[in-house]
Structures are given as structure tokens and as C-alpha cells.
Amino acid sequence: MSKTIQAIRGMNDCSPTETLLWQWVETQIRQTFASYGYAEIRSPILEATALFERGVGEATDIVEKEMFTFVRDEESLTMRPEGTAGCVRAAIQNGWIYNQEQRLWYIGPMFRYERPQKGRYRQFHQAGVEIFGIANPEADAELILLTARLWEKLGIRQHVKLQLNSIGGLEVRTQYRQALVAFLQNHLDVLKQDPDSERRLTTNPLRILDTKNQALQNVLNHAPKLHDFLDPESKAHFEKLCQILDQMGIEYEINQKLVRGLDYYNKTVFEWVTTALGAQGTVCGGGRYDGLVAQLGGHASEGVGFAMGLERLILLVQEVNPNVTLPRPVDIYIVYSGEGTTEAAFQLSETLRNALPQQRIMLHCSGGNFKKQFKRADKSGAKLALVLGESEVENQTVVVKDLFGEAEQITIPQSELINELQSRLA
Ligand code: ATP
Ligand code: MG
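In every chain, residue numbers begin from 1 and rise along the written sequence. Naming scheme: in the order in which they are written, chains are lettered from A and ligands are numbered from 1. Per-residue local features are limited, in this predicted model, to residues with pLDDT of at least 70; the limit for side-chain atom pairs, both in listing and counting, is 80 or more; totals at the level of whole chains, interfaces and linings are taken over all residues. Side-chain metrics in this entry use all non-hydrogen atoms of the structure; hydrogen atoms and water are not considered.

**Quick look at the pairing of strand S6 (residues 123–132)**
- The rule is simple: take the accessible area with a 1.4 Å probe, protein chains only, and divide by the maximum for that residue type; under 20% is buried, over 50% is exposed, in between is partly exposed. The way it works is that DSSP assigns letters per residue, a run of H or I at least four long becomes a helix, a run of E at least two long becomes a strand, and they are numbered from the N terminus. Of all the ten residues making up S6, eight are buried; the element is thus mostly covered by neighbouring parts of the structure.
- Pairing between strands is defined by DSSP: at least two bridges between the two strands are required. Pairing of S6 with strand S11 (residues 303–309) involves seven bridges; the strand directions are antiparallel. Residue pairing for S11: isoleucine 131 is matched across the bridge by valine 304.

**Regarding the nonpolar core**
- Val88, Phe132, Leu180, Leu184, Ile208, Leu216 and Leu220 are the most contacted members of the largest nonpolar core, which totals 48 residues.
- If one sorts the elements of this core by residue count, helix H6 (residues 170–185) sits on top with six residues.
- Should any heavy atoms of two residues lie within 4.5 Å, those residues are counted as being in contact. Phenylalanine 132 has contacts with Cys87, Val88, Ile97, Gln100, Glu101, Gln102, Leu104, Tyr289, Val293, Ser301, Glu302 and Gly303, leaving out every residue within four places of it along the chain.
- Nonpolar cores are built from buried Ala, Val, Leu, Ile, Met, Phe, Trp, Tyr and Cys residues. Side-chain atoms within 4.5 Å join them into one set. Core analysis: the second largest hydrophobic core is formed by 45 residues, Trp105, Phe270, Val304 and Met308 among them.

**Regarding the sheet that holds strand S9 (residues 266–273)**
- The strand order across the open sheet formed by eight strands is S1-S5-S6-S11-S10-S9-S7-S8, and the pairing between neighbours is mixed. Both edges of this open sheet fall to strand S1 (39–40) and strand S8 (253–254), since each of them pairs with a single strand only.
- When strand S7 (residues 161–166) meets S9, the two strands line up antiparallel, connected through six bridges. By the bridge assignment for S9, asparagine 165 is matched with valine 269.
- Sitting on the sheet, helix H10 (residues 232–247) touches S7, S8, S9 and strand S10 (282–288), and the angle it makes with S7 is about 160 degrees. Fitting a line to C-alpha atoms yields each axis, with helices limited to the stretch in contact; the angle taken between N-to-C directions then spans 0 to 180 degrees.

**As for the environment of valine 190**
- Considering the arrangement of structural elements, one finds valine 190 in helix H7 (residues 188–191).
- Those residues in contact with valine 190 that lie beyond four places of it in its chain are Ala215, Leu216 and Val219.

**Considering the site of ligand 1**
- Whether a residue is near a molecule or strand is decided by its heavy atoms; if any one of them lies within 4 Å of it, the residue is near. Lining the immediate surroundings of ligand 1 are 15 residues, of which Arg112, Glu114, Arg120, Tyr121 and Arg260 lie closest.
- Under this definition, polar contacts are N or O atom pairs within 3.5 Å; protein pairs additionally need one hydrogen-donor-capable and one acceptor-capable atom, and for neighbouring residues in sequence, both atoms have to be side-chain atoms. The separation between an oxygen atom of ligand 1 and a polar main-chain atom of threonine 282 is 3.0 Å.
- The accessible surface values rely on the Shrake-Rupley method and a 1.4 Å probe; as for residues, cover is taken only from the protein chains in view. Coverage of ligand 1 by the protein amounts to 88% of the 590 Å² it exposes when considered alone.
- Elements with a contribution of two residues or more to the shell around ligand 1: S6, S10 and S11.
- Broken down by element, the residue count for the shell around ligand 1 peaks at three residues, all from S10.

This is a description of form; function is not addressed.
Below is the structure:
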């Protein structure tokens, strides 16, 4: 026997039973996005590497070490590690955001070369939203309200907390960066204990703020505060956002150390975090990126958006909402045996699919006696079995059998079947 081939490390299969929960979560996402009037876009998984270098930023974890990149026909290509850069590229290229507002969303696989663990994979899935052309904090607020509504639908609202911050404009961050670096230069001994942070002192000092190193965190509690550097416009923007959230009853914690990993953010940044998943606690992150469109060569347009990780959301739903009712994979299972029953069963199943398009109707195709067929019917999880034997075909009747309940099996004319099924499956 030849050796079996395994999936790539950190890239998972989704089983026929797991996809039921995935589909349910995706449906809640689609319905929520649609209920705010947002439109779906689809863009390629492969993009020019330069898009992410310029769009995400050279000094980010993603570009420094996480991208799946290869060369084809002398062109460097990258499997998208996130959705915003590709969305902006597509929006510019197709003129979707030229002098107009857009509220867009996407869903799909992303790829990052990270150490696989619970909630962290090399192929994972994000759903994200991007609003273009609206400078006002109302857009930021709407995104947060939308996510809160989704958490409610998923039954995880009580298990996620909103962290909120403003990181101001570019000048603010330049000034703050200088102050932070000057402060950290007096604590090089502690900084040395955390090589990633030490390296970031020159490449991306703000990222040091979300180090997991406790000693360094203690030092950072005494560091200069970002909000002491905020420009009046960013301050007003943030205050208005907080005001709307207060008015709408959305609780949040202002976390001045929250800067997010990507270079393109300005003003608002936020994360929804949970303590129920261990180390991988961020289920959704986003913020404002008013400079990104111009930076990628487009006609300047403000942007604000977020992305959420579907694997982490699904783990959280499984953890805290185990009672979610998923659709049964099969509702009605049709068994048949005897002369002339094959055609009758095919006819009946197609007629039922016309009349009851919401029901999942499975036809037994693999022969055998009724005993074997009923075993299959039970295994399918169907609520009802329909039985066609020679006498039923001859008399234009059908047997209806309840596979779960106590109800007696009955024989009825085929002409009454649709009404019978409608009342039983309601
Ligand atoms: P983390 O700090 O956990 O690495 P991140 O800041 O890199 O997250 P983002 O780039 O903001 O994550 O992506 C948005 C969301 O996508 C995250 O909040 C998370 O839910 C999900 N996500 C990111 N990377 C992964 C991954 N490797 N596997 C599974 N989900 C991921
Ligand atoms: Mg990451």
C-alpha cells in the first residue's frame, strides 16, 4: 500500500458535521452584515507581494515573518494574510470608492506562517467589513454596534469585552514614538529580557506596548501615555465615538496600550477579546485607516474596518453556547424495495423537493432489504422515513414512519403526503 498524504501543518479539514456549525455561524454573519446594508465583495487569494509590503507595512509581524510567498514567472506572489489590503486594491482598481461612500464586506481564507496552536492556524478564515469615504466617528460606532449585534446572535455577547483606543494621526505617533523610545532607553535591562521588543525598539516601538512579558509590562505602566499626545481632531473624534457607544449602551474599556499589529491604522483601534479561549483571546480587531487608500495609489478616501477570526468565534460558540440548534443534515429518508419501486421512489423524491424546497430529502440508492435500509435511515438523522413497496406503488400510497417519536406508522394516499409532511415537519 502506498503512503497516505497528509494535509499541510496548520491547515485543517472541516468535517461534514463541523460544517453545520460553520454554515450556521456564516449565516448569522451574512444576515447581520446585510441588515446594515453592506455589500459583499470577492477578491483573489493571491496578490502581488508588494501589496502587503506597502499596505500592511514592512515592520509588522505579518510582513516580517508570516507570509506565504513564492515566485512565479519572476513575479513575487503572496497568499493573502489579511483582507483589507486586497479589498482596498480591488476598490481602487475598479473605481468602487472614487468619490463615493462604500460599505463592503468579505469572507474567506487567509494564510499566515505561524506556530499552529489552539485558535492559531496557518490557513484560517476571516470575515471583515470596510467602510470607505466616511470620516465621521459615526462609521466607527456603527461597526462596533454591528459586531455587538452579531455576538448577540451567536450567543457569545456575555463572553467578549470591547477594548478601545485612539492612536491619533501620524504626527501624534511620531512624537509619541520618540517619547516612548526615550523612556525605554532607560530600561534597556528589562527590554533585553524580551528579544522581540528589543528588536522593535528600532523597527516598530509602539508594538512593544502589547508585549506579553510581565516585567516589561510593569515598566510600561509608567511610560508616557499616548493620549497625552493626541491632537484635538483625534480627541474630538474619539470623544464622539465614546459618546455614541455610551448612548447605545455598549460597554468598553479604554486601553491606551492597544495599538494593533498593522501599520495602516490611525485614530480609532479596537479589539473584542475573550478570556474563554486561553492565549488566543482576540476574536475581532479593527480600526480606522484614513491614509491607506492614498498610500496604495488611490484617490484619497477615509477607511474604517475590522476583521474577525472564524475559527476563534466557532471555538467560542462551542465553549459557551453548546445548545445552538443546528439544522438536521437530513429531514426525510426514502426507502423502497420491489418491482417498479425505483422509478416510483425517484418520482416521489423529486416531487417532494419541488413542493418542500426547504426540506432535506435523501433517497436510499444502495439497495438491500428494508432492514438494512432502515438502519441507514436511522443513521442519517432524518426525522421521518417514507416507505414504498410494491403494494404502495400499486395503490398509490406511501408509508410514513416517525424515526424518533412514538407515533404509529401510517399508510396514506400519496396525494395527501405533502400536507401530512408539512404538518409533521412544521
Ligand atoms: P494575534 O494577536 O492573535 O496574532 P492579529 O493581531 O495578528 O492577532 P489580526 O491581523 O487583527 O490578528 O486579524 C484579525 C483576527 O483574525 C484576529 O483577531 C483573530 O481572531 C484572527 N486571526 C489572526 N491570525 C490568526 C491565525 N493565525 N489563526 C486563526 N485566527 C487568526
Ligand atoms: Mg498575529
